[in-house]
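Residue-level structural notes
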Amino acid sequence: MTTSPRTVMRIYFHLQDANLYERVLAVLEGIAPQVEAHPADWSADADLTGALRYWDREPEGLAAVIRLRVLALYGIQTSAGVGPTRMIAVMAAAVTPPGAATIVGNTPFEIGAFLRPRRASALPGVGPTTARTLTRYGINTVGDIADTPLATLQRILGIAAGRQAYDRAHGTDDRPVIPAAAPRTVTRSHRFDRDELNPDQLHRTVIGLTEQLGSQLRYSHAVCDALTLTVTFADRTSTSRTRKLAEPTAHTPALTDTGHELLTGLALQRARVQVISLRAERLQSAEHAPRQLTLDPRDDRARSLEAALDRARTKYGTGIAGSAAAYRAT
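An account of the accompanying structure is given in this report. (Residues numbered from 1 in each chain as written. Predicted model: local features only at pLDDT ≥ 70, side-chain atom pairs only at ≥ 80, totals over all residues. Heavy atoms only, no water.)

1. Observations regarding unusual backbone geometry
The backbone of Asp-56 shows a phi angle near 55 degrees, a positive value even though the residue is not glycine. As for its position among the elements, Asp-56 is in the loop between helix H2 (49-55) and helix H3 (59-74). Despite not being glycine, Ala-267 shows a phi value in the positive range, around 50 degrees. Looking at the secondary structure, you find Ala-267 in the loop between helix H11 (252-266) and strand S9 (273-281). (Helix = DSSP H or I, 4+ residues; strand = E, 2+ residues; numbered from the N terminus.)

2. Structural notes on the pattern of salt bridges
Two side chains of opposite charge can pair, provided their charged atoms sit close to one another. Enumeration over the complete set of coordinates arrives at 10 salt bridges. Among the salt bridges present, the one from Asp-45 reaches Arg-10, with a minimum N-O distance of 2.4 Å. With Asp-45 in strand S3 (residues 43-47) and Arg-10 in strand S1 (residues 8-13), this residue pair connects regions lying 35 residues apart in the sequence. Taken individually, Asp-45 and Arg-10 each receive the classification buried, so the pair is uniform in this respect. Between Arg-175 and Asp-173 there is a salt bridge whose closest N-O contact spans 2.9 Å. Accessibility expressed as a relative area gives 5% for Asp-173, which makes it buried. One network of salt bridges, in which partners are shared, links Arg-10, Glu-36, Asp-45 and Arg-86. (Salt bridge = Lys/Arg side-chain N within 4 Å of Asp/Glu carboxyl O. Buried < 20%, exposed > 50% of the residue type's maximum accessible area, 1.4 Å probe, protein only.)

3. Topic: the nonpolar core
Formed by 27 residues in total, the largest nonpolar core has its most connected members in Met-9, Ile-11, Phe-13, Leu-28, Leu-48 and Ile-66. Every element with two or more residues in this core is listed here: S1, helix H1 (21-31), strand S2 (35-38), S3, H2, H3 and strand S4 (78-83). The biggest single contributor to this core is H1, with six residues. Discounting residues that sit within four places of it in the chain, Leu-48 has contacts with Thr-7, Met-9, Ala-32, Leu-62 and Ile-66. (Core = buried A, V, L, I, M, F, W, Y, C linked by side-chain atoms within 4.5 Å. Contact = heavy atoms within 4.5 Å.)

4. Notes on the side chain of Ser-277
With respect to the secondary-structure elements, Ser-277 resides in strand S9. Here the side chain of Ser-277 touches Ser-189 through a polar contact of 2.6 Å, side chain to side chain. (Polar contact = N/O pair within 3.5 Å; in protein donor to acceptor, adjacent residues only side chain to side chain.)

5. Considering empty space enclosed by the protein
Evaluated as defined, the whole model comprises one cavity of 30 Å³ or more. Volume-wise, the largest cavity comes out at about 40 Å³. Lining of the largest cavity is provided by Tyr-12, Asp-41, Arg-191, Thr-232, Arg-236, Gln-274 and Val-275. When grouped by side-chain class, the residues that make up the lining of the largest cavity number two nonpolar, two polar and three charged. (1 Å grid on protein atoms, 1.4 Å probe; cavity = no way out; pocket = protein on both sides within 12 Å on 5 of 7 lines; lining within 4 Å. Points joined across faces, edges and corners; volume = space filled by probe spheres on them. Nonpolar A, V, L, I, M, F, W, Y, C, P; charged D, E, K, R; others polar.)

See below:
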């Protein structure tokens, strides 16, 4: 098992307002300079190795400082996982409730005690299909994977996938935290109060998110060329899909149609959804973006209504007007 001297943290910010993400990210960057942002699910990875020496604290203490500072400044609860690798930090955070932290030490015993009882599917890179394949061979936990000879795993999963599962089951993950701010995109997210199973509610939520995105893009005089939909499930796993738009746009109906197509394409059925995020990609100035002309008067009316709603939001604030379907999502 790995005895990496690194200390890595994955932290989830339990936000209700996506606009606060960059602010809470700045709190983390003020303590640990090596921070990699993950705006799709309002989380971040931080390499605490140097920060521990600088602040002269143990991992538990520094994680507590970060969480308390975010809570004190913005009233936002967090959940954090800390371990000797990015993989272990992510897995620890996934089993941590809001307002708490899970710390995994860097000794072989501590790493094994954390990893071995976990379901095989909890190991990054082991998806549902791979987990079912392993189960047919009586391999149900991470400990079972670790105890299976490498050659056997490679016969079952293939050479590359077998090696990855074997290494990760032993706690090996050399991926560094790459300092990166939130990308130059616009993201809007919705976290459900409880795990959401209703497909209609998911589609209504997408309507609300595309309205928010469209309004923000138009306010910034920008258009986007693609949308990325990310769905985070109750077990903290997530899946994303990206689709290029027919043309760069900030027009809400076009964004909504694409958002619905992305959600339908996931075929979620009865999946328990915790967060839906929609990200506008490849932003550019609206002034220089091409626009396909149309002779349909309904398009002109829709854009006029859109402009009127934008003026109302500017004057009275967000949430004052929008489609009836979107309001049912709240």
